[in-house]
Amino acid sequence: EAGVAQSPRYKIIEKRQSVAFWCNPISGHATLYWYQQILGQGPKLLIQFQNNGVVDDSQLPKDRFSAERLKGVDSTLKIQPAKLEDSAVYLCASSFQGRNTEAFFGQGTRLTVV
Amino acid sequence: SQQGEEDPQALSIQEGENAIMNCSYKTSINNLQWYRQNSGRGLVHLILIRSNEREKHSGRLRVTLDTSKKSSSLLITASRAADTASYFCATSKSTFGDGTTLTVKP
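The notes below deal with the structure included here. Bear in mind that the values here come from a model prediction, so they are computed numbers and not experimental data. (Residues numbered from 1 in each chain as written. Chains lettered and ligands numbered in written order. Predicted model: local features only at pLDDT ≥ 70, side-chain atom pairs only at ≥ 80, totals over all residues. Heavy atoms only, no water.)

### Some thoughts on the layout of surface pockets
By volume, the largest pocket is sized at about 700 Å³. Elements that contribute at least two residues to the lining of the largest pocket include exactly strand S9 (88–95) and strand S11 (109–113) of chain A together with strand S1 (5–7), strand S9 (85–92) and strand S11 (100–105) of chain B. Per-element tally for the lining of the largest pocket: the top contributor is S11(A), with 4 residues. Residues that form the lining of the largest pocket fall into these classes: 10 nonpolar, 21 polar and 6 charged. (1 Å grid on protein atoms, 1.4 Å probe; cavity = no way out; pocket = protein on both sides within 12 Å on 5 of 7 lines; lining within 4 Å. Points joined across faces, edges and corners; volume = space filled by probe spheres on them. Helix = DSSP H or I, 4+ residues; strand = E, 2+ residues; numbered from the N terminus. Nonpolar A, V, L, I, M, F, W, Y, C, P; charged D, E, K, R; others polar.)

### As for the state of the cysteines
When the sulfur atoms of two cysteines share a covalent bond, that bond is a disulfide. Following the criterion strictly, the structure yields 2 disulfides over all chains and no others. Here A:Cys23 engages in a disulfide with A:Cys92; their sulfurs sit 1.9 Å apart. Here the S-S torsion is close to -70 degrees, and the disulfide linking A:Cys23 with A:Cys92 is therefore left-handed. Highlighted residues: A:Cys23 in strand S3 (residues 19–24) and A:Cys92 in strand S9, separated in sequence by 69 residues. The two residues A:Cys23 and A:Cys92 agree in class, both being buried. Across the disulfide, B:Cys23 is cross-linked to B:Cys89 (sulfur-sulfur distance 2.0 Å). Taking the sign of the S-S torsion, 70 degrees for the link of B:Cys23 and B:Cys89, the bridge is right-handed. Within this pair, whereas B:Cys23 is found in strand S3 (residues 19–24), its partner B:Cys89 is found in strand S9, the two being separated by 66 residues in sequence. (Disulfide = S-S within 2.5 Å. Buried < 20%, exposed > 50% of the residue type's maximum accessible area, 1.4 Å probe, protein only.)

### Overview of the interface of chain B and chain A
In this complex, chain B contributes 19 residues to the contact, which on the side of chain A involves 22 residues. With both chains or domains summed, chain B and chain A bury close to 1,600 Å², and 45% of this area falls on carbon and sulfur atoms. On the chain B side of the interface with chain A, the three residues burying the most area are B:Leu43, B:Lys93 and B:Ser94, jointly 32% of the side's total. Taken together, chain B and chain A are joined by 0 salt bridges. The interface formed by chain B and chain A contains 5 residue pairs in polar contact (both at pLDDT 80 or more). (Contact = heavy atoms within 4.5 Å. Buried area = accessible area lost by both parts, 1.4 Å probe. Salt bridge = Lys/Arg side-chain N within 4 Å of Asp/Glu carboxyl O. Polar contact = N/O pair within 3.5 Å; in protein donor to acceptor, adjacent residues only side chain to side chain.)

In structure tokens form, the structure reads like this:
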């Protein structure tokens, strides 16, 4: 079974530029998550989708971050404009619907803003 | 701050020894999950323990849950160098701690 696919693996941009990350979840997983993981910390949830609807985006900095999940499958996360403090690993995960289910993570995209 | 908090922040042991790490949380839970993250990679799910369970085993892993103390522990027996990683507890898929970094020396 294919895992969660993310691209790109690495990205370096200058501050104030824009960047987009792509995620393809495991087939059949209705729930998709985007996390930000700063070095030395645990993942922080940015947004959770159930199919193509947003369940939780309370920690998404909406002035610069946006995400969409068209057709309830692939998802993109965009940052515009980027700030230095956005340097982090952006992880995508997916799971079956339900509380007592595990999340499957992609390898992440390491973003460096200079 | 994150609800789940792991303790210790870092742990260094010799191969063959047992590693134990703890997780404390603040509110009621349906389940608690432990994940492992190798350097530069995504997280891998290790084990899920439901709120009505007290102990669960998976291979060399043993997880306990004490809902009265709002705490959980992860025990890795007979550790190997390959167990070197960061370990996170999660009280939901939206709430992770900052992890325990385990180093197992060969």
